[in-house]
Amino acid sequence: MAPMSSAPRLSPAQEDVVRRWFPTVEVIADLSWGLYDDTVVLHVRYAKGESIIKAGGRGNHHIGREIAAHEKWTTPWREVGRCARLLHVDRDQNILATSYLPGTLVKDHPAADDADTYRQGGELLASFHAQQCKVSEDYESRMDAQSIAWLDSDHRIDAITETRLRDTIARHHHEPAKLVPTHGDWQPRNWLIHEARVSVIDLGRADRRPALTDLARLARQAWQGRPDLEERSCPAMAVILGSPRLGNTPFCGRRSAPPSGPTASVTSRSRHRGIR
């Protein structure tokens with residue numbers, strides 16, 4: 001194991017915070033993705049056990065979102081042992097520590113092709129969404145404006161697709177939106193599997209959004225060509241999405257045609273985010 005001084009990209013002030021929380025801390029592994037931002041994720045050992053430390057720079061909003069989600073929304077998952085507990089927080093230094101969850105990422109694991117994984121995921125997500133609901137009159141218009149701003153900036157979307165996205169957004173009717181707690185990056189990369197039980201990690205994109213937005217990545221990635229995975233995910237979600245039948249949910253049971261209306265706008269935004 002490595003000493004704390006070898007921890008990558010933690011500021012001196014953040015290292016001091018960690019040592020205050022865990023005086024005898026040692027780094028077991030650096031779990032940082034290092035893809036899009038400066039978020040640092042460390043698996044550490046301390047006197048009473050193991051912990052996950054997450055930290056970011058001053059402009060990193062993911063840490064604050066994760067702290068807020070743990071404080072307000074993770075109770076349904078913690079009560080059944082499917083989510084870590086928040087141990088320490090220092091908002092000034094943009095850093096947190098949680099308990100350690102045993103397990104392996106579902107992504108690239110055999111569980112990623114197991115329909116029961118998606119059944120468990122659907123039940124966990126439904127319990128998360130069911131906690132609160134708030135109606136917003138301007139959510140859809142704000143999201144469409146944000147999408148147009150992204151399209152007006154530098155990106156790698158081809159001209160034909162960009163034209164289709166702009167046309168879809170222009171035709172999108174802005175109805176009131178029901179906002180619920182959402183994970184924001186719901187996919188096998190943020191699920192752990194341990195003894196056949198699925199747990200949830202990484203709440204850095206959590207926020208209030210329409211429930212269906214948490215299905216966008218699954219619909220475009222995991223469910224493609226795998227109707228069995230889709231069907232196992234959706235029964236629990238149907239209640240939250242306002243449908244008693246699987247086939248009436250915004251994604252589930254509509255494989256023959258692309259989504260339209262608000263679903264198309266959400267899917268367009270998700271696709272845009274993925275290839276910027």
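As the structure is a prediction and not an experimental result, all values here were calculated from the model.

1. Let's talk about the overall build of the protein
Working step 1: Summing up its helical and strand segments, the protein has 9 helices and 12 strands in all.
Working step 2: Evaluated residue by residue, the protein yields a buried proportion of 47% over its 276 residues.
Working step 3: The contacts in the protein between residues at least 6 apart in sequence include a share of 66% that link residues at least 24 apart.
Working step 4: For the protein, the exposed area adds up to about 13,900 Å²; of that, 49% sits on carbon and sulfur atoms.

2. Overview of the sheet that holds strand S8 (residues 134-136)
Working step 1: Read from one edge of the open sheet, 3 strands run S8-S9-S12, paired in antiparallel fashion. The open sheet has two edge strands with one neighbour each: S8 and strand S12 (207-209). The mean inter-strand angle of the sheet, taken between neighbouring strand axes irrespective of direction, is 40 degrees.
Working step 2: Sheet topology note: the strand S9 (residues 177-182)/S12 ladder contains 3 bridges and is antiparallel. For Thr-182, the partnering residue across the bridge sits in S12 and is Asp-207.

3. Points about the packing of aromatic side chains
Working step 1: Counting across every chain of the model gives 7 aromatic pairs.
Working step 2: Between the aromatic rings of Trp-73 and Phe-128, the centroid separation amounts to 6.3 Å while the plane-to-plane angle is 90 degrees, which identifies the pairing as edge-to-face. With a gap of 55 residues between them, Trp-73 in the loop between helix H2 (62-72) and helix H3 (75-78) and Phe-128 in helix H4 (residues 115-129) connect regions that are remote in the sequence.
Working step 3: Overall, Phe-128 belongs to the buried group, its relative accessible area being 0%.
Working step 4: Of the aromatic side chains, those joined through ring pairs into one cluster are Trp-73, Trp-77, Tyr-118, Phe-128, Trp-186 and Trp-191.
Working step 5: Positioned above the aromatic ring of Trp-73 is the side chain of Lys-72, whose terminal nitrogen or guanidinium carbon lies 4.6 Å from the ring centre.

4. Side note on the nonpolar core
Working step 1: Trp-77, Tyr-118, Trp-186, Trp-191, Leu-203, Leu-218 and Trp-223 are the most contacted members of the largest nonpolar core, which totals 26 residues.
Working step 2: Taken together, the elements giving at least two residues each to this core come down to H4, strand S10 (191-194), strand S11 (197-200), helix H7 (216-220) and helix H8 (227-240).
Working step 3: Here this core takes 5 residues from H4, the largest share from any one element.
Working step 4: Excluding residues within four positions of it along the chain, Leu-203 makes contact with Arg-65, Glu-66, Ala-69, His-70, Thr-74, Trp-77, Cys-83, Phe-128 and His-183.

5. Re the packing of helix H5 (residues 139-152) against helix H6 (residues 159-170)
Working step 1: Running from N to C, H5 and H6 cross one another at 160 degrees; their axes reach a closest spacing of 10 Å. Here H5 is positioned roughly antiparallel relative to H6, judged by the angle of their axes. The two elements H5 and H6 cross, and the hand of that crossing is left-handed. Residue-level contacts link Asp-144, Ser-147, Ile-148, Leu-151 and Asp-152 of H5 to Glu-162, Leu-165, Arg-166 and Ile-169 of H6.
Working step 2: Tallied by class, the residues present in the contact of H5 with H6 amount to 4 nonpolar, 1 polar and 4 charged.

6. Looking at H6
Working step 1: Between its first and last C-alpha, H6 extends 16 Å over 12 residues, near the 16 Å set by a 1.5 Å rise per residue.
Working step 2: Buried within H6 are the following residues: Thr-161, Glu-162, Leu-165, Thr-168 and Ile-169. Within H6, the buried residues cover an arc of 125 degrees as seen down the axis, which keeps them to one side. Opposite the buried face of H6, by more than 90 degrees, sit the exposed residues Ala-159, Ile-160, Thr-163, Arg-164 and Ala-170.
Working step 3: Structurally, the start of H6 carries an N-cap: the backbone nitrogen of Ile-160 is 3.2 Å from a side-chain oxygen of Asp-158.

7. Description of empty space enclosed by the protein
Working step 1: Taken as a whole, this structure holds 1 cavity of 30 Å³ or more when the rule is applied.
Working step 2: Taken as a whole, the largest cavity holds about 30 Å³ of empty space.
Working step 3: When contributions to the lining of the largest cavity are tallied by element, the ones reaching two or more residues are H4 and H8.
Working step 4: Ranked by residues supplied to the lining of the largest cavity, first place goes to H4 with 4 residues.
Working step 5: Counted by class, the lining of the largest cavity contains 7 nonpolar, 3 polar and no charged residues.

8. Things to note about the sheet that holds S10
Whenever strands of a sheet pair, they do so through backbone hydrogen bonds, lying parallel or antiparallel.
Working step 1: In spatial order, the strands read S7-S10-S11; together these 3 strands make up an open sheet with antiparallel pairing. Where the open sheet ends on each side, the last strands, each with one partner, are strand S7 (104-105) and S11.
Working step 2: Across 4 bridges, the pairing between S10 and S11 is antiparallel. The residue of S11 that forms the bridge with His-194 is Arg-197.
Working step 3: Packing of H4 onto the sheet brings it into contact with S10 and S11, and relative to S11 it is tilted by some 45 degrees.

9. Regarding the side chain of Glu-66
Working step 1: Position of Glu-66 among the secondary structure elements: in helix H2.
Working step 2: The class for Glu-66 is buried, based on a relative accessible area of 4%.
Working step 3: Contact partners of Glu-66, with chain neighbours within four places excluded, come to Lys-54, Leu-96, Asp-202, Leu-203 and Gly-204.

Cut-offs used in this document
Residues numbered from 1 in each chain as written. Predicted model: local features only at pLDDT ≥ 70, side-chain atom pairs only at ≥ 80, totals over all residues. Heavy atoms only, no water. Helix = DSSP H or I, 4+ residues; strand = E, 2+ residues; numbered from the N terminus. Buried < 20%, exposed > 50% of the residue type's maximum accessible area, 1.4 Å probe, protein only. Contact = heavy atoms within 4.5 Å. Areas by Shrake-Rupley, 256 points an atom, 1.4 Å probe, with all protein chains shown as cover. Pairing = 2+ DSSP bridges. Axes fitted to C-alpha atoms, helices over the stretch in contact; angles between N-to-C directions. Phe/Tyr/Trp six-rings, centres within 6.5 Å; stacked < 30°, edge-to-face > 60°. Lys NZ or Arg CZ within 6 Å of the ring centre and 35° of its normal. Core = buried A, V, L, I, M, F, W, Y, C linked by side-chain atoms within 4.5 Å. Parallel < 35°, antiparallel > 145°, perpendicular 65-115°, else oblique. Left-handed = near helix turned anticlockwise from the far one by under 90°. Nonpolar A, V, L, I, M, F, W, Y, C, P; charged D, E, K, R; others polar. Expected span 1.5 Å × (residues − 1). Arc of directions from axis to C-beta. Polar contact = N/O pair within 3.5 Å; in protein donor to acceptor, adjacent residues only side chain to side chain. 1 Å grid on protein atoms, 1.4 Å probe; cavity = no way out; pocket = protein on both sides within 12 Å on 5 of 7 lines; lining within 4 Å. Points joined across faces, edges and corners; volume = space filled by probe spheres on them.

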